[in-house]
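Reading the structure
In case you want the letters, here they are:
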Amino acid sequence: MSRDAASTAATADGSRATRHRISGKLITLFVAAVLIVVCTGDGFLWWNNRSDSQAQAAETAAEAAANESIPLVLSYNYVDLDRYAARATSKTTGPFAVDLKKLLDTQVLPAARAKNIATQTSVQGTATVTASANTVVLLMFIDQTTRMADAAAPKIEGARLQVTMTNQNDSWLISGLKPI
């Protein structure tokens with residue numbers, strides 16, 4: 001019998017049946033293809049799980065930093081404005097840091113000095129909107145108590161903020177803040 005890919009043999013009813021032989025090279029190729037598909041799928045799942053883990057770690061770290069930073073950035077007292085400005089801007093980054101510095105210098109600090117304003121901010125709740133390894137957007141609920149020399153009672157207000165936190169050199173800083 002020759003080594004053809006197919007051979008014929010007689011069946012019980014006298015007809016001829018064809019048997020196919022599969023070569024060793026074809027089996028090896030098939031097994032290699034299956035292994036490539038399995039390894040690729042496993043690699044994708046590993047990468048996806050790794051990204052999720054990084055996002056979860058970023059979310060936790062950014063939320064903790066925001067809960068600490070937002071009261072520092074939004075609380076001030078007219079008797080200590082220079083220290084406040086340095087502390088507030090140290091918790092920010094990017095264009096937001098430049099905009100905050102400008103706002104403090106042109107509006108907040110002059111008004112606080114002129115009217116003896118003191119504001120205390122506390123975080124009431126925080127929720128994550130989106131999270132990636134280096135940027136986390138949070139929804140924050142805050143309360144602010146403002147005292148002025150010419151007001152008999154403090155003014156208490158609640159607010160919602162969209163806060164963007166950015167990881168810079170393993171430090172989570174405020175890169176955006178928008179009242180909503």
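Criteria and thresholds
Residues numbered from 1 in each chain as written. Predicted model: local features only at pLDDT ≥ 70, side-chain atom pairs only at ≥ 80, totals over all residues. Heavy atoms only, no water. Salt bridge = Lys/Arg side-chain N within 4 Å of Asp/Glu carboxyl O. Helix = DSSP H or I, 4+ residues; strand = E, 2+ residues; numbered from the N terminus. Buried < 20%, exposed > 50% of the residue type's maximum accessible area, 1.4 Å probe, protein only. Phe/Tyr/Trp six-rings, centres within 6.5 Å; stacked < 30°, edge-to-face > 60°. Pairing = 2+ DSSP bridges. Contact = heavy atoms within 4.5 Å. Axes fitted to C-alpha atoms, helices over the stretch in contact; angles between N-to-C directions. pLDDT = per-residue confidence, 0-100.

1. Describing the pattern of salt bridges
Counted according to the given criterion, the structure contains five salt bridges. Glu68 is the partner of Lys91 in a salt bridge, and the nearest nitrogen-oxygen pair spans 3.3 Å. Linking Lys91 in the loop between α2 (81-90) and α3 (94-115) with Glu68 in helix α1 (residues 24-74), this pair joins segments that are 23 residues apart in sequence. For Glu68, a relative accessible area of 45% puts it in the partly exposed group. As a salt-bridge pair, Asp105 and Lys101 come within 3.0 Å of each other at their nearest N and O atoms. One end of the pair, Asp105, and the other, Lys101, are both in helix α3, four residues apart, so they sit about a helical turn from each other.

2. Regarding the packing of aromatic side chains
The description of an aromatic ring pair rests on the distance of the ring centres and on the angle between the ring planes. A full pass over the atoms with the stated rule returns one aromatic pair. Ring centres 5.4 Å apart and planes at 45 degrees place the aromatic pair Tyr76 and Tyr84 in the tilted group. Since its relative accessible area comes to 3%, Tyr84 is described here as buried.

3. Here we look at the sheet that holds strand β4 (residues 118-131)
The strand order across the open sheet built from five strands is β3-β4-β5-β6-β7, with neighbouring strands paired in antiparallel fashion. The open sheet is flanked by β3 (76-77) and β7 (171-179), the only strands paired with a single partner. Here twelve bridges tie β4 to strand β5 (residues 135-147), and the two strands are oriented antiparallel to one another. The residue bridging Gly125 from the neighbouring strand is Phe141, located in β5. Together, β3 and β7 form the strand contacts of α3, whose direction differs from that of β7 by roughly 60 degrees.

4. Some details on unusual backbone geometry
Phi at Asn169 is positive, roughly 55 degrees, even though this residue is not glycine. Checked against the element boundaries, Asn169 lands in the loop between β6 (155-168) and β7. Backbone geometry places Asp170, a non-glycine residue, at a positive phi of 60 degrees. Its place among the elements puts Asp170 in the loop between β6 and β7.

5. Observations concerning the pairing of β4
Pairing geometry for β3 and β4, over two bridges, is antiparallel. By the bridge assignment, Asn77 is partnered in β4 with Ala118. Taking the residues that link successive antiparallel strands as the turn, the β4-β5 hairpin has three residues.

6. Description of the environment of Pro95
Position of Pro95 relative to the elements: it lies in helix α3. Residues Pro95 and Ser175, 80 residues apart in the sequence, show an inter-C-alpha distance of 7.4 Å.

7. Looking at the confidence of the model for the protein
Predicted confidence across the protein gives a mean pLDDT of 86, with 84% of residues reaching 70 or more. Confidence over residues 1-5 falls short of pLDDT 50; this stretch has nine contacts with residues more than four positions distant or in other chains.

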